[in-house]
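Remarks on the overall topology
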Amino acid sequence: MADSPFPELKKTHTMARTGRPWRDFKPPPSAPVWGIIQGFGSYWMLVAAVELGVFDAIESAGGVAAGPLAAQLNVSEPHLAHLLDAMVSFGFLDQVDDVYELTETAERYLCTNGAASMAALVSVATGPHSNWTHLADTIRTGHVATPIEDDPEAFYGPLVQATFPTQLRAAGRLGVALGWARRPGLRVLDLGAGQAPWAIGILGQSPDSTAVINDLSDVLELATETVTRHGLADRVELWGGDFHEIEFERDTYDIVVLGHVCRTEGEERAVSLVRRAFQALAPGGQLLLTDYFADNDRKFNPFGVQMGMTMLASTARGGMLTHAQVSGWLRDAGFESIRLMEPIGFNQVYVAERPERDRSEP
Ligand SMILES: C[S@@+](CC[C@H](N)C(=O)[O-])C[C@H]1O[C@@H](n2cnc3c(N)ncnc32)[C@H](O)[C@@H]1O
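Predicted model only: the values in this text are computed from it and were never measured. (Residues numbered from 1 in each chain as written. Predicted model: local features only at pLDDT ≥ 70, side-chain atom pairs only at ≥ 80, totals over all residues.)

A look at the nonpolar core
In terms of nonpolar packing, the biggest core is built from 68 residues, with Ala-199, Ile-202 and Val-256 touching the most fellow members. If one sorts the elements of this core by residue count, helix α9 (residues 152-178) sits on top with 10 residues. When sequence neighbours within four positions are dropped, the list of residues in contact with Ala-199 reads Val-188, Asp-190, Ala-193, Ala-211, Ile-213, Val-236 and Val-257. Among the nonpolar cores identified, the runner-up in size contains 22 residues, and Leu-46, Val-54, Ala-106 and Ala-119 belong to it. (Core = buried A, V, L, I, M, F, W, Y, C linked by C-beta atoms within 7 Å. Buried ≥ 20, exposed ≤ 12 C-beta atoms within 10 Å, placed from the backbone. Helix = DSSP H or I, 4+ residues; strand = E, 2+ residues; numbered from the N terminus. Contact = placed C-beta atoms within 7 Å.)

As for the site of the ligand
What surrounds the ligand is a group of 20 residues, the closest being Tyr-156, Gly-192, Gly-194, Phe-243 and Gly-259. Secondary structure elements with two or more residues in the shell around the ligand: α9, α10 (197-205) and β5 (210-215). The element best represented in the shell around the ligand is α9, accounting for 5 residues. (Near = placed C-beta within 6 Å.)

Observations concerning helix α13 (residues 302-314)
Helix length check: α13 (13 residues) gives 19 Å between terminal C-alpha atoms against 18 Å at 1.5 Å per residue, within 8%. Inspection of α13 places Gly-304, Met-307, Gly-308, Met-311, Leu-312, Ala-313 and Ser-314 among the buried residues, and these make up the whole buried set. (Expected span 1.5 Å × (residues − 1).)

Some words on the sheet that holds β5
Pairing is mixed in the open sheet, where 7 strands are placed in the order β6-β5-β4-β7-β8-β10-β9. Edge positions in the sheet fall to β6 (236-240) and β9 (336-344), since each of these pairs with one other strand and no more. If you compare each strand with its neighbour and ignore which way they point, the axes differ by 20° on average. In the sheet, β9 pairs with strand β10 (residues 347-353) via 5 bridges, with the strands oriented antiparallel. Bridge pairing in β10 links Glu-336 to Glu-353. Helix α12 (residues 266-280) rests against β4 (187-191), β7 (253-259) and β8 (281-291) of the sheet, and its axis sits at about 165° to β7. (Pairing = 2+ DSSP bridges. Axes fitted to C-alpha atoms, helices over the stretch in contact; angles between N-to-C directions.)

Concerning the environment of Val-47
Secondary-structure assignment places Val-47 in helix α2 (residues 31-52). Residue classification places Val-47 among the partly exposed residues on the basis of 14 C-beta atoms within 10 Å. Taking the C-alpha atoms as reference, Val-47 lies 16 Å from Leu-73; in sequence the two are 26 residues apart.

Section: the pairing of β8
Of all 11 residues in β8, 8 are buried; the element is thus mostly enclosed. Pairing analysis gives 6 bridges linking β7 to β8, with the strands arranged parallel. What sits directly across from Gly-259, in β8, is Thr-290. As for the winding sense of the linkage, the β-α-β connection from β7 through α12 to β8 is right-handed. Summarising the sheet, β8 and β10 pair through 6 bridges and their orientation is antiparallel. (Right-handed = clockwise from strand over helix to strand, strands pointing away.)

Side note on the domain arrangement of the chain
Domain annotation of the chain identifies domain 1 (31-123) and domain 2 (137-353). A straight line from the C-alpha centre of domain 1 to that of domain 2 covers 32 Å. Listed by partner, the interface residues are 5 residues for domain 1 and 6 residues for domain 2. Classifying every residue of the side of domain 1 that touches domain 2 by side-chain character gives 4 nonpolar, 1 polar and no charged. (Domains from an automatic or database assignment. Nonpolar A, V, L, I, M, F, W, Y, C, P; charged D, E, K, R; others polar.)

Some remarks on the sheet that holds strand β3 (residues 99-102)
The sheet built from 3 strands is open, its strands ordered β1-β3-β2 with antiparallel pairing. A single partner strand is all that each edge strand has here, and the edge strands are β1 (64-65) and β2 (93-96). With 4 bridges joining them, β2 and β3 adopt antiparallel strand pairing. Bridge assignment links Leu-93 to a residue of β3, and that residue is Leu-102. Its contacts with the sheet put helix α3 (residues 54-61) on β1 and β3, and the angle it makes with β3 is roughly 100°.

Next comes the structure, spelled out in structure tokens:
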């Protein structure tokens, strides 16, 4: 009888043996491991390019060679040339005949004045860099040695300035979908507001609406600038203090915002925030709970899983939030009509209503 065309496969891959048939013959590539190793260097290359003002300088110059750019930035030309080539390899610059130009990605996200600038976010979005080098210890002990809660204002000040443009854009798009422009006179409570992108987004679209904006006192000062810049100072009250403790009116607000605050809090405190939000809402009012969530199987949305790890690396209680977890909190607190919206990629918002009549009422 003729042998199988692949006798070696026959021998090793019987019914009793599981595994992919190529395993013994063609090893998988090491590219995923190299990808991670080089990811570390890639990150620092981008941090350096932003810190040196490379993208802003190329934007002003139009197209430029390494020599004049090095002279303008007052840096070493051969070193800069290499950094520029690295940016080409990432797709942030184009190079033709040694002249470098911005790609649309760099124009939009990496220039300080880009339409959706993330320039300031690059160095702060990871959390404190030193915590990553201690991640194994954090996992060993279950404790972050220097969590951001040790000095929250020092961390959150730069962070909320860096995230403001992105969150304001998300809020603007959400408002168009939810029709804030057709709902005048909304009373808004924005807890852990940062520079208040969500409250500003709502007030910008809904005529005659007003907002109470809360954050830790030092961070809250930063909201004064954005609120004033958007011409909303007379429609806003600033309330400094811990959102777990401040007293606010019950049964009052049309919209309560929990914007990117739950993932640092841990289950117990996040549930408590959701319950406090429910109490603050008037019957029929809406909670906006926005965050970067993971899928329920914790494997189909790597961004959400990895964002959770960023929380684990640098916060005392934070971590991954799955949709099952968060929608469960909302239902348990009494919310109804729970919807999930995604005004910009990965930046998802639960929109949930406090019913006109609470479940406990007869
Ligand atoms: C990731 S930022 C989100 C800011 C803004 N809500 C947004 O969506 O862009 C988290 C904010 O929560 C604030 N925060 C953290 N813990 C707080 C607390 N216990 N009480 C009040 N604000 C707090 C931080 O200062 C920071 O401004």
